[in-house]
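Reading the structure
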Amino acid sequence: MSVYADLGVTPIINAKGPSTRVSGGLLSPLVTAAMAEAAGLCVDMADLQAAASRVLARITGAEAGIVTSGAAAGLLLGAAACLARLDPARMAQLPDATGFPNEFIVVRSQRNAYDHAVRASGARLVEVGLPDRYAGAGIRDAEPWEIAAAITPATAAILYVLTPHSQPPLAAVVALAHRHNLPVLVDAAAQLPPASNLRSIPGTGADLVAFSGGKAVNGPQGSGILCGRRDLIMSAILQNLDLDLDWHSWNPPPDLIDKQLLPGLPVNGIGRSAKIGKETIVGLLTALERFAAEPDDARAARHLHLLNQLGDLAPDLSFTLRPGAVPLFGLSAANAREALVELQNGQPSIHLDPSALDNNTLLINPTCLRHDDLPILASRLRAVVIPSSKQ
Ligand SMILES: *Cc1c(COP(=O)(O)O)cnc(C)c1O
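About the thresholds
Residues numbered from 1 in each chain as written. Predicted model: local features only at pLDDT ≥ 70, side-chain atom pairs only at ≥ 80, totals over all residues. Heavy atoms only, no water. Helix = DSSP H or I, 4+ residues; strand = E, 2+ residues; numbered from the N terminus. Rg over C-alpha atoms; globule rule 2.2 N^0.38 Å. Buried < 20%, exposed > 50% of the residue type's maximum accessible area, 1.4 Å probe, protein only. Contact = heavy atoms within 4.5 Å. Areas by Shrake-Rupley, 256 points an atom, 1.4 Å probe, with all protein chains shown as cover. Lys, Arg positive; Asp, Glu negative; His and termini not counted. Charge placed at Lys NZ, Arg CZ, Asp CG, Glu CD. pLDDT = per-residue confidence, 0-100. Pairing = 2+ DSSP bridges. Axes fitted to C-alpha atoms, helices over the stretch in contact; angles between N-to-C directions. Parallel < 35°, antiparallel > 145°, perpendicular 65-115°, else oblique. Left-handed = near helix turned anticlockwise from the far one by under 90°. Nonpolar A, V, L, I, M, F, W, Y, C, P; charged D, E, K, R; others polar. Near = heavy atom within 4 Å. Polar contact = N/O pair within 3.5 Å; in protein donor to acceptor, adjacent residues only side chain to side chain. Phe/Tyr/Trp six-rings, centres within 6.5 Å; stacked < 30°, edge-to-face > 60°. Patch = residues over 30% accessible without salt bridge, like charges linked within 9 Å, V, L, I, M, F, W, Y side chains within 5 Å. Salt bridge = Lys/Arg side-chain N within 4 Å of Asp/Glu carboxyl O.

**Side note on the overall build of the protein**
When you go through the protein residue by residue, the secondary structure sums to 15 helices and twelve strands. Taken against the 2.2 N^0.38 rule, which gives 21 Å for 391 residues, the C-alpha radius of gyration of the protein at 23 Å falls within 12% of a compact globule. C-alpha extents for the protein along the principal axes are approximately 70 × 60 × 35 Å. Taking all 391 residues of the protein together, 51% fall into the buried category. Counting contacts in the protein only where the partners sit at least 6 residues apart, residues at least 24 apart contribute 67% of the total. As displayed, the protein has an accessible area near 17800 Å², and 54% of this comes from carbon and sulfur atoms. Of the side chains in the protein, 30 bear a positive and 35 a negative charge, and the two mean positions are spaced by 3 Å.

**Regarding unusual backbone geometry**
A cis amide bond links Gln-167 with the next residue in sequence, Pro-168, at an omega value of -10 degrees. The residue Pro-168 is located in the loop between strand E5 (155–161) and helix H9 (170–179) in this model. Not every positive phi belongs to a glycine, and Ser-23 is a case in point at roughly 70 degrees. Relative to the helices and strands, Ser-23 resides in the loop between strand E1 (13–15) and helix H2 (29–39). Residue classification places Ser-23 among the partly exposed positions, given a relative accessible area of 43%. A positive phi angle, near 60 degrees, is found at Asn-181, a position not held by glycine. Mapped onto the elements, Asn-181 comes out in the loop between H9 and strand E6 (184–187). Note on Asn-181: relative accessible area 68%, which makes it exposed.

**Considerations on the confidence of the model for the protein**
Of the residues in the protein, 99% have a pLDDT of 70 or more, and the chain-wide mean is 96. Element-level pLDDT for the protein is lowest in helix H7 (residues 132–135), with a mean of 84, against a maximum mean of 99 in E6.

**A word on the sheet that holds strand E10 (residues 328–332)**
Spatial ordering of the open sheet is given by E9-E10-E12, a layout of three strands whose pairing is antiparallel. Only two strands of the sheet have a single neighbouring strand rather than two, namely strand E9 (320–322) and strand E12 (361–364). Between one strand axis and the next, the sheet turns by 35 degrees as a mean value, whatever way the strands run. One ladder, built from four bridges, connects E10 with E12; its direction is antiparallel. Looking at E12, one finds that Leu-331 is bridged to Leu-362. Docked against the sheet, helix H13 (residues 296–313) engages E9, E10 and E12, running at close to 30 degrees with respect to E10.

**A few points about the packing of helix H3 (residues 45–60) against helix H12 (residues 278–293)**
Their axes nearest at 11 Å, the elements H3 and H12 cross at an angle of 15 degrees. Regarding the angle of H3 to H12, the classification is roughly parallel. Judged by the sense of rotation from one axis to the other, the crossing of H3 with H12 is left-handed. The residues of H12 that touch H3, namely those facing Met-45, Leu-48, Gln-49, Ala-52, Val-55, Leu-56, Arg-58 and Ile-59, are Lys-278, Ile-281, Val-282, Leu-285, Leu-288, Glu-289 and Ala-292. Of the residues contributing to the contact of H3 with H12, the split by class is eleven nonpolar, one polar and three charged.

**As for the site of the ligand**
For the ligand, the full set of nearby residues is Thr-20, Gly-70, Ala-71, Ala-72, Tyr-114, Asp-187, Ala-189, Ala-190, Ser-212 and Lys-215. Between the ligand and Ala-72, the relevant distance is 2.9 Å, taken from an oxygen atom to a main-chain nitrogen or oxygen of the residue. Relative to its unbound accessible area of 390 Å², the ligand is 82% covered by the protein chains. Split into classes, the residues belonging to the shell around the ligand amount to five nonpolar, three polar and two charged.

**Regarding the packing of aromatic side chains**
For the coordinates displayed, the defined rule picks out two aromatic pairs. Aromatic side chains Trp-247 and Trp-250 sit 5.9 Å apart centroid to centroid with 50 degrees between the ring planes, which places their arrangement in the tilted category. For Trp-247, a relative accessible area of 26% corresponds to the partly exposed category. According to the relative accessible area criterion, Trp-250 is buried, its value standing at 7%.

**A short note on a nonpolar patch on the surface**
Among the surface-exposed residues, Val-3, Tyr-4, Leu-7 and Val-9 lie close enough to one another that they form a single nonpolar patch of about 400 Å² accessible area. Relative to the elements of secondary structure, Val-9 occurs in the loop between helix H1 (2–7) and E1.

**A word on the sheet that holds E5**
Within the open sheet, the seven strands sit side by side as E2-E8-E7-E6-E5-E3-E4. Their pairing is mixed. Because the sheet does not close on itself, it has two edges, and the strands there are strand E2 (64–68) and strand E4 (124–128). Averaged over all adjacent pairs, the angle separating strand axes in this sheet is 25 degrees, with direction ignored. Sheet topology places strand E3 (residues 103–107) next to E4; five bridges connect them, and they run parallel. Paired with Ile-105 across the strands is Val-126, a residue of E4.

**What about the side chain of His-351?**
Tracing the sequence through the fold places His-351 in strand E11 (residues 350–352). With residues near it in sequence (within four places) discarded, His-351 still touches Ile-12, Ile-13, Asn-14, Ala-15, Lys-16, Val-22 and Gln-344.

Quick look at the structure:
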């Protein structure tokens, strides 16, 4: 590809999946065409985000939504919204959150490196619960009463990181938070597919939900979604948009930003550094419509077909299918760790999923593989991998 060749950058074979460090996924030509068209005309960014909000409300069932520059950006904006609400003075003060509720309660077992984005808003994380079941010492994790016991007048929100194993259940946390008039901010970045999660997670009543757009949705690499309660989404977008204008000429779309709720025009907010471009917004919406319309089993069948083609090209390697929302191939190898590095250092560089290396297994994720990659991937795997049985 000449843009990369001109820069002296060699494309890789991505059998890892849509991770940020390997540049996300591959955009469909429909998405890139929509982005190219969007790039050729200027619009008012508030109008574009208001239109996005209508699409996101239809697809997620939430009251409102915005397109963000990734799920992590959505967490920053969502946290800033929970802190500042619709108060321009608080918005201007962030990330200094002294003088108003600034604590986010989080279950200790849900802490992860992405909550840096929440802390960047000025929020202070307050951990609760002992993840006993992870230590093998017990069977329990945090319980709703432990969250309730940590609520004080300084509490601003509850941060919830959703995985299929998160405890306590999201619905219980939402019910408890709402009894205390507190919002719940959900990191659901990687919880797609299934596509039904687009509706069911906001459907729990969670006040703000962040999804990644650059993962399975197959949107632009630097895209995400923040959807939820109308007033909080209004706060989030106010802290994201360029507001270098004056109150009287400012005429934002009232369904996204109700000017009458504000005492004045906020200055550029903490989320201004998480700016998003018009091409990215249009690209995400185009990809999301496609993602939401494709049945999960059809998507999985597409991926499985690619894996089976790889299997046919390397009949001497015994791949094992790992079914799941995204089907994977596992390849157990006597030299798994060495093979991973050798494939990565080869020409072209091949990136596999390392998450099962401790079991001496290489994982192949089909989501970012191109058809043309398969013969090269097959021959490199055959050359480098020593099957476990020959150990
Ligand atoms: C991927 C991920 C993020 C970040 O998503 P981006 O869209 O890359 O910003 C945040 N939280 C979790 C749990 C993730 O898996």
